[in-house]
Amino acid sequence: MCSNRRLFIRQLSTGAIGFTILPSLTFCKGEAREKEIEVNNSSSLPRSTPEAQGIASDTIINLIHEIENSGIEFHSLMLVRNGYVIAEGWWYPYAEDLKHQLYSLSKAFTSTGVGLAVKEDLLTVEDKVISFFPDQLPDEISENLESMKVKHLLTMSVGHETDTTGQLRDDPDGDWVKKFLSLPIANKPGSVFLYNTGATFMLSAIVQKVTGEKLIDYLKPRLFEPLNIEGMDWLESPSGINTGGYGLRVKTEDIAKLGQLYLQKGKWEGKEILTEEWVNTATSKQIESSGSNPNDPSTSDWDQGYGYKFWMCRPGGYRADGAFGQYSIVNPERNLVVAITEQSFDMQASMTLIWDNLYTKVDSNSEEISKDDSKVEELKMLLGGLKMNPPMQSKASKMSASITGKTFQLESNDLEAKAITFIIKNSSCELVLEEENNTISIECGWNEWIVDGNKKEIAKTLFPIPGRIDIASKIAASATWETDNKLLITWQFIENVHGDSITCFFEDNTVKISFLNSVARGTGVQDPRPSIMGTVE
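A brief report on the enclosed structure follows.

The rules behind these values
For every chain, the first residue of the written sequence is number 1, and numbering continues from 1 along that sequence. A pLDDT threshold of at least 70 governs which residues receive local features in this predicted model, and a stricter bar of 80 or more applies before side-chain atom pairs are shown or counted, although totals over entire chains, interfaces and linings include all residues. Side-chain figures throughout are based on the complete set of non-hydrogen atoms in the structure, without hydrogens or water. Put simply, DSSP marks the helices as runs of H or I at least four residues long and the strands as runs of E at least two long, and each gets a number from the N terminus on. Here the term buried applies to any residue with accessible area under 20% of the maximum for its type, exposed to any over 50%, and partly exposed to those in between, with areas from a 1.4 Å probe on protein chains only. Each accessible area value is a Shrake-Rupley result obtained with a 1.4 Å probe; residue values ignore everything except the protein chains displayed when judging cover. Any pair of nitrogen or oxygen atoms within 3.5 Å is treated as a polar contact; in protein, a donor-acceptor pairing is required on top of that, and neighbouring residues in sequence qualify only through side-chain atoms on both sides. In this text, buried Ala, Val, Leu, Ile, Met, Phe, Trp, Tyr and Cys residues form a nonpolar core when linked through side-chain atoms within 4.5 Å. Contact between two residues is taken to exist if any of their heavy atoms lie within 4.5 Å; hydrogens are not considered. Ring pairs are drawn from Phe, Tyr and Trp, using the six-membered ring of Trp, whenever the two centres fall within 6.5 Å, and their geometry is named by plane angle: stacked under 30 degrees, edge-to-face over 60, tilted for the rest. Two conditions define a charge located above a ring, namely a distance within 6 Å from the ring centre to NZ of Lys or CZ of Arg, and an angle within 35 degrees of the ring normal. Here, a salt bridge means any Lys or Arg side-chain nitrogen found within 4 Å of an Asp or Glu carboxyl oxygen.

Moving on, we come to the overall build of the protein. Within the protein, the secondary structure is distributed over 15 helices and 22 strands. Residues counted as buried form 57% of the 537 residues belonging to the protein. When the accessible surface of the protein is totalled, it reaches about 21,000 Å², and 45% of it is carbon and sulfur.

Set out below in structure tokens:
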């Protein structure tokens, strides 16, 4: 992917950056037989078998096996053909009813908000950016700043030499709009593509300016409610503007619904949500993009061109994507939408799995094909049994009796941690973390995840990485003994992308706690948090 997006991922690990009615759907070819179609509930897309929509169950079985063999940590996968969900699965402890952090996939929702504002004649893509913020302009307005338009924000061509996100977040005044407008613009707007998340924040700020509402509130009656998207949340800047370029959380099916809306040219249940003109422009190449291998664009899906927050794809179609592999992929030729959430450190490999194992098996003919009932059942069982296994070694240790119930007072640290207690049980290990003004209890299953006992959103206060954006999340937690005196505790933030682990080394009346977050592990860098010593007093 783009080099500055690689930097973004590295910075995450080091702490530098955070972080009804059946729908009336448009079909290309064919319709499923009535007996093959079902709807889970009033807010869901309709369901169908793969064969009823022209895809063999065996094709999807093979795709899942390839995903499992890839070593990539998938969290969910949903395939939509002809408007019907034909396959869906969540790798436990991730689940259907949980929202998931989108990272830059959020940008497509922001672009959609701009499209809605354009439809309502509140702005145009030709409007100059400075016209919206007369009170936050620098004393001297450069020629490049003066000529910057909304369309340049949409196409990542505002003219900065580097992504502005870090500079916005580091601004001591917390006025991201003013900071963005004050930064030097080296290139003429529209001339050079540079992935710039700060530009998407500015779109959110513009929508808020012209509507008087935060972007998430503006989208509710116009996008979220018509598509039956509920429970979403979105990070804000210090001045109360949705971050735009990242920070939105929705469910997997909501990601698929966004793709389906664009596939249907902006229509939903027979009503126009977005204009077809906007959809066509947003999802076609507006500027040449520079990705991971500009010398050989045929190998990179970041070198195919960029629209209004949508990337073009090598096999055709387009996608919205976010760091670590959050995807809404649309292929109009195959009438297909693919929604993915995952923690991938090779996003190209994630897409290539789809191109090689699904796209090559599916053509534009969506007519019903004969099915093998045994394969249909095999696929159902496979999707229902997906699981992300925690570390699994020993469930027991001779050390358990000597440490259970004891409280270790922790040396001074920057992680807000004051004391820690381990309560060893037959079925679980309870970790009790005391902070200055808070106590957190986490139930960890031996060699398995415990989710139900950890429903409280606690990620913000659980050994936080200094400087990183942490979003409160339900967690799944597990424990295992690596040796008799070394306890590994792992938790997965199941409404976010990442996980974390601590290794507790016990000796006499002391414990040494070391840290390794999942991004540091995946990128091969050191976790920025130093080890902490604790002593029973």
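Don't stop here, the text continues.
Turning our attention to the side chain of T49. Relative to the helices and strands, T49 is located in the loop between strand 2 (46-48) and helix 2 (57-70). Within polar-contact distance, the side chain of T49 engages the backbone nitrogen of A52 at 3.2 Å.

Below, the discussion takes up the nonpolar core. Ranked by size, the top nonpolar core spans 71 residues in total, and within it F109, F133, L153, M202, L223, Y262 and W278 carry the most contacts. Examining the composition of this core, we find that 7 residues originate from one element, helix 8 (residues 197-211), more than from any other. Not counting residues up to four positions away in its chain, the partners in contact with M202 are V129, F133, L153, V177, F180 and L181. Membership of the second largest hydrophobic core comes to 45 residues, among which are I55, W311, L353 and A476.

One pass over the structure, following the stated rule, counts 21 aromatic pairs. Summarising the aromatic geometry, the rings of Y306 and W311 are spaced 4.8 Å apart at their centres and angled 75 degrees between planes, so their arrangement reads as edge-to-face. The buried category is assigned to Y306, whose relative accessible area is 1%. Classification of W311 as buried rests on a relative accessible area of 2%. Measuring from centroid to centroid gives 5.2 Å for F422 and F506, while their planes differ by 80 degrees, and the two rings are edge-to-face. With F422 in strand 15 (residues 417-424) and F506 in strand 20 (residues 499-507), the pair connects residues that are 84 residues apart, well separated along the chain. Here F422 falls in the buried class, since its relative accessible area comes to 0%. On the basis of relative accessibility, which here comes to 1%, the residue F506 falls in the buried class. The ring of W302 has R319 sitting right over it, with the charged end atom 5.0 Å from the ring centre.

Right, let's talk about the pattern of salt bridges for a bit. All told, the structure shown has 24 salt bridges when counted by the stated rule. Its salt-bridge partner being K99, residue D233 comes within 2.8 Å of it at the nearest N-O pair. With D233 in strand 6 (residues 233-234) and K99 in the loop between strand 4 (84-90) and strand 5 (100-101), this pair connects stretches of sequence that are 134 residues apart. A residue is classified by how much of its surface remains accessible, and D233, at 22% relative accessible area, is partly exposed. Here R222 and E213 are joined by a salt bridge, their closest N and O atoms 3.9 Å apart. A residue is classified by how much of its surface remains accessible, and R222, at 24% relative accessible area, is partly exposed. A relative accessible area of 29% places E213 in the partly exposed class. Shared partners join several salt bridges into a network, and the residues in it are R47, E88 and E253.

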